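One-letter residues, chain by chain:
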Amino acid sequence: MAEDYYPWGGEFTACSPKGSVGVVLLNIQYTPPQSVAIYGRLKTENIGIEKIVANTISNPNIRFLVICGDDIRGHRSGSSLLALHKNGIDSNHRIIGAPGAIPYIENLEEEAIKRFQKQITIVDLMGEKEKIDSIIADLTNGAPSSYGESYIAIRIKPKMTVSLTDKRALHSKIVISYLGKVKKRGV
Amino acid sequence: MFSFTKEQQVFEISGVTIGGQPGMYPTVVFGGVFFKGEPDFDDAKRHIQTVLDISKHTGTPFIPDFFIRKVEFIQPIISFIEKVIPRKYPFSIDIIEPSIKVETLIHLAEKKLLSRTIYNSIHIGITKEEIEVLQNNTPAMAIVVAFNPKNKSPDGKIEVLETGAYLTERGLLEIAYNLDIEKILVDTAALAPGENSGAAIAAIPVIKEEYGLPTGCAIHNVVEKSRWLNDFPLAKKTVDVASNINIPLFGGDYAIFGPIENAGLVIPLIAWQDILVSEYAENYFGITPVASHPRRKLLK
């Protein structure tokens, strides 16, 4: 089930497939209730955020993303996720206004980001410690219905870019002799 | 085990040598210090002393890699470096936040420590302010991380080094050279399982043949992110340590491991692997190990 809804692997736990809430855990020791759709840790401001977007839009029942815990030092992943939702990305694929060190979204199409922005309401609970459970309960109880459009499942398939005739070669740029001597291919 | 056609550069920093053809110089290990929580200086001092002794025993050069996670840690950590690290010994500073990087560089310059500093790291997230400060406060050596979020293959890693892959205005190597940093170590950017983690190892011989620069990575990060290993705690520790042999086996020059507590396992393991590589490299390629190499120190 988790694999159908959430095509991108990562550090997450899938709970209730019909749940309307996803929970992003930053620096916090907290386990959300089983009523949420999915929860997991966010570490990096690039690949981590891409996974959240991909796994959120793959389940149209998810309407809220609750971000909780203190932001990750240096990466500023929580704030970068907020910035992505608010501003999107620029022509270099950098998240506009993101404070993280390397906030680049390289594996998602514009369409996926727009869908994420429309489908999801972000609930920023960074720094909040006491009310997380009650806010999640309120969101779950008063949830809007499904987004109403079918899910978008993005799968990344490894690209086979070269056909190697030399089976000893490790990579298309180099040739390795049977003794282990490395040289550039074609030189 | 490999030997490269491209001439391999060898860099020296405060008595530690890194790079060259496999089998000539020992693999250098960087061990993370102050990775989590508040810095525990007494504990770090004890560990560093122990590790320097192990390093002396095997001949495997050790470089402490200091994490500086908060602005308020900059001064105490630099004071610690001044007091505890031998005066002619190198160290690296490992910082994520650009503003902390900038401030640390200025402090290191004031204390005249830049000639012993390995800057960890230059990557596609480099800021204009960071470049400006690096111009006037230039460390002797820098690690350039070949992380390309768009293409995690060896080709993508070369693309960021060469052109910046449209993520930076110039290639990362050009940025470093323009800053007059001539001693560059390439980090092949080990990523989590599922993110082409093997490319960090495959890229080592590719990048060494392309540029001749000393190359390595923090392959233990892949182990940390292999959650399934949590079900096998003993194996996890073993794999965490053992993962490092991939680097010398594929011709690499340095391994970044963490935390420093693992040094007692990592250093003998790397020394063992260096001996294996050196025996083959000398037999087939005529590469004689230097006098400090584990093969010459430990096999008598």
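Residues numbered from 1 in each chain as written. Chains lettered and ligands numbered in written order. Predicted model: local features only at pLDDT ≥ 70, side-chain atom pairs only at ≥ 80, totals over all residues.

> Can you explain the overall build of chain B? Please cite residues and give values.
Along the backbone of chain B there are 12 helices and 11 strands. Since a compact globule built from 300 residues should have a radius of gyration of about 19 Å, the 18 Å found for chain B is in line with a globular shape. Per-residue burial for chain B yields a buried fraction of 53% across its 300 residues. Looking at chain B alone, contacts between residues at least 24 apart form 71% of all its contacts between residues at least 6 apart. (Helix = DSSP H or I, 4+ residues; strand = E, 2+ residues; numbered from the N terminus. Rg over C-alpha atoms; globule rule 2.2 N^0.38 Å. Buried ≥ 20, exposed ≤ 12 C-beta atoms within 10 Å, placed from the backbone. Contact = placed C-beta atoms within 7 Å.)

> If you had to explain the pairing of strand 4 (residues 64–68) of chain A to someone new, which residues and values would you point to?
Residue and element names in this part refer to chain A. Most of strand 4 sits out of view: 5 of its 5 residues are buried. Side chains Phe 64, Val 66 and Cys 68 project from strand 4 onto one buried face, and the interleaved Leu 65 and Ile 67 project onto a second face that is buried too. Of the strand pairs in this sheet, strand 2 (residues 21–25) and strand 4 are connected by 5 bridges, and their pairing is parallel. Across the sheet, Leu 25 pairs through a bridge with Cys 68, a residue of strand 4. Relative to strand 5 (residues 121–125), strand 4 runs parallel, the two sharing 5 bridges. Residue pairing in the sheet places Ile 67 in a bridge with Asp 124 of strand 5. (Pairing = 2+ DSSP bridges.)

> Describe in detail the environment of Tyr 151 of chain A, supporting the description with residues and values.
Residue and element names in this part refer to chain A. Along the polypeptide, Tyr 151 turns up in the loop between helix 5 (132–141) and strand 6 (174–176). Among the residues examined, Tyr 151 registers 18 C-beta atoms within 10 Å and is labelled partly exposed. Sequence-distant contacts of Tyr 151, that is, excluding residues within four places in its chain, are made with Ile 57, Ser 58, Asn 59 and Pro 60.

> How would you explain the packing of helix 5 (residues 154–162) of chain B against helix 7 (residues 199–211) of chain B if you had to name every residue and give the values?
Residues and elements named next belong to chain B. The contact between helix 5 and helix 7 brings their axes to 9 Å, and the two run at 50°. Considered as vectors, helix 5 and helix 7 are oriented oblique to each other. Judged by the sense of rotation from one axis to the other, the crossing of helix 5 with helix 7 is right-handed. Counted together, Pro 154, Lys 157 and Ile 158 of helix 5 and Ala 199, Ala 202, Ala 203, Val 206, Ile 207 and Glu 210 of helix 7 form the full contact between these two elements. A class-by-class count of the residues in the contact of helix 5 with helix 7 yields 7 nonpolar, no polar and 2 charged. (Axes fitted to C-alpha atoms, helices over the stretch in contact; angles between N-to-C directions. Parallel < 35°, antiparallel > 145°, perpendicular 65-115°, else oblique. Left-handed = near helix turned anticlockwise from the far one by under 90°. Nonpolar A, V, L, I, M, F, W, Y, C, P; charged D, E, K, R; others polar.)

> Tell me about the sheet that holds strand 4 of chain A, and please be specific about residues and values.
All names here are of chain A. Spatial ordering of the open sheet is given by 1-3-2-4-5, a layout of 5 strands whose pairing is mixed. Looking at which strands have only one partner, the edges of the open sheet turn out to be strand 1 (12–14) and strand 5. Between one strand and the next, the sheet's axes are offset by a mean angle of 15°, whatever the strand orientation. As defined by bridge partners, strand 1 adjoins strand 3 (residues 38–41) across 3 bridges and the pair is classed as antiparallel. Of the residues in strand 3, the one forming a bridge with Ala 14 is Ile 38.

> Give me the lowdown on the interface of chain B and chain A, citing residues and values where you can.
Contact residues are listed per partner, giving 26 residues for chain B and 23 residues for chain A. For the side of chain B that touches chain A, the secondary structure elements donating two or more residues are strand 1 (3–4) and helix 7 of chain B. In terms of residue count, helix 7 of chain B provides more of the side of chain B that touches chain A than any other element does, 5 residues in total. When its residues are assigned to classes, the side of chain B that touches chain A shows 14 nonpolar, 5 polar and 7 charged. Examined bridge by bridge, strand 7 (residues 181–184) of chain A and strand 1 of chain B share 2 bridges and lie parallel to one another. Residue pairing for strand 1 of chain B: Lys 181 of chain A is matched across the bridge by Ser 3 of chain B.

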